[in-house]
Structures are given as C-alpha cells and as structure tokens.
Amino acid sequence: MTIKGSCHCKATTFEVSQAPETVTQCTCTFCSKRGSLWAYYVPSQFKLTSPPENVSFYRWGSKTIKHGFCATCGCGTFTETPDWSSGEPDFDNPKISVNSRLFDDFDLDKVEVVVIDGRNLW
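Residues numbered from 1 in each chain as written. Predicted model: local features only at pLDDT ≥ 70, side-chain atom pairs only at ≥ 80, totals over all residues. Heavy atoms only, no water.

(A) Region of interest: the overall build of the chain. The number of helices and strands found in the chain is two helices and ten strands. The helix and strand sequence of the chain, counted from the amino end, reads β-β-β-α-β-β-β-β-β-β-β-α. Relative to a compact globule of 122 residues, whose C-alpha radius of gyration would be 14 Å, the chain shows 14 Å and is just as compact. When the backbone C-alpha atoms are referred to their principal axes, the chain occupies close to 35 × 30 × 30 Å. Looking at the 122 residues of the chain, the share that counts as buried comes to 39%. As displayed, the chain has an accessible area near 7,100 Å², and 50% of this comes from carbon and sulfur atoms. (Helix = DSSP H or I, 4+ residues; strand = E, 2+ residues; numbered from the N terminus. Rg over C-alpha atoms; globule rule 2.2 N^0.38 Å. Buried < 20%, exposed > 50% of the residue type's maximum accessible area, 1.4 Å probe, protein only. Areas by Shrake-Rupley, 256 points an atom, 1.4 Å probe, with all protein chains shown as cover.)

(B) Quick look at the pattern of salt bridges. In the structure shown here, the tally under the stated rule is two salt bridges. For the salt bridge of K66 with E80, the shortest nitrogen-to-oxygen distance reads 3.5 Å. Here K66 is found in strand β7 (residues 66-70), whereas its partner E80 is found in strand β8 (residues 76-83), with 14 residues between them in sequence. Residue E80 is classed as partly exposed on the basis of its relative accessible area, which comes to 30%. (Salt bridge = Lys/Arg side-chain N within 4 Å of Asp/Glu carboxyl O.)

(C) Broad picture of the side chain of S97. Among the secondary structure elements, S97 is positioned in strand β9 (residues 90-99). The exposure class assigned to S97 is buried, which follows from its relative accessible area of 4%. Apart from the residues within four sequence positions on either side, S97 is in contact with W38, A39, Y40, T77, F78, T79 and T81. (Contact = heavy atoms within 4.5 Å.)

Next up, the structure:
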C-alpha cells in the first residue's frame with residue numbers, strides 16, 4: 001500500500017511503501033515546536049517524488065540528523081537519521097523519519113501514537 005504525502009504548497013512530495021503501525025511523538029524541543037508525528041522507514045521504503053532542490057535541511061546539536069523541510073513553505077517533511085533503537089547511533093542502518101501529518105488521504109487517527117521523552121533523553 002503506497003502512501004503519498006506532501007507539504008502545504010505541494011512543492012515537496014514523497015511516498016512511502018506502507019502504512020505505519022505506530023507513529024512517534026518526540027518531546028524534544030525541536031520536535032515539540034515542529035509538531036511532527038514520526039513514521040519510521042528504511043531508505044528503500046521512502047521515495048522523494050519532487051525535485052531534491054525543493055528540500056532544504058537543518059542540522060543542530062550533534063549534526064547527526066538531517067531535518068528536511070520544504071524550501072518554499074517551510075513544512076517539516078522528513079529526516080535522515082541513523083537507527084537509534086539501541087540508544088546509540090547506528091550509521092550502518094539509516095532510517096528515514098517521515099512527518100506522518102503530511103500523508104495525503106490517510107486516517108492518522110487510527111494509528112497508535114507512542115510518546116518518547118526526547119526532552120530528557122538527549
């Protein structure tokens with residue numbers, strides 16, 4: 001089941017190969033201010049369908065994670081990150097975190113939200 005997504009102005013579009021089973025609400029200062037609900041994928045499950053120049057990136061703190069946003073409207077779209085499931089960055093297993101609030105024609109209310117305490121974890 002392919003799910004398509006887009007920013008507000010539709011200059012940045014993408015698709016993922018399946019619906020998320022859960023989405024993550026991180027309480028770190030960046031994610032809280034952004035208001036994202038993250039769905040995690042391996043790179044082969046994510047496809048940017050708009051020109052790459054329509055995406056800008058922001059890196060903060062350790063500069064480990066590339067936070068993507070639409071260069072036109074500013075919507076936070078996706079991140080490129082190592083796998084953090086062990087508590088340490090695993091650069092050999094990258095992940096794409098997609099802002100699931102940007103999925104088109106998808107009922108996000110039916111997906112479980114998992115809260116992680118990013119404000120105190122890092």
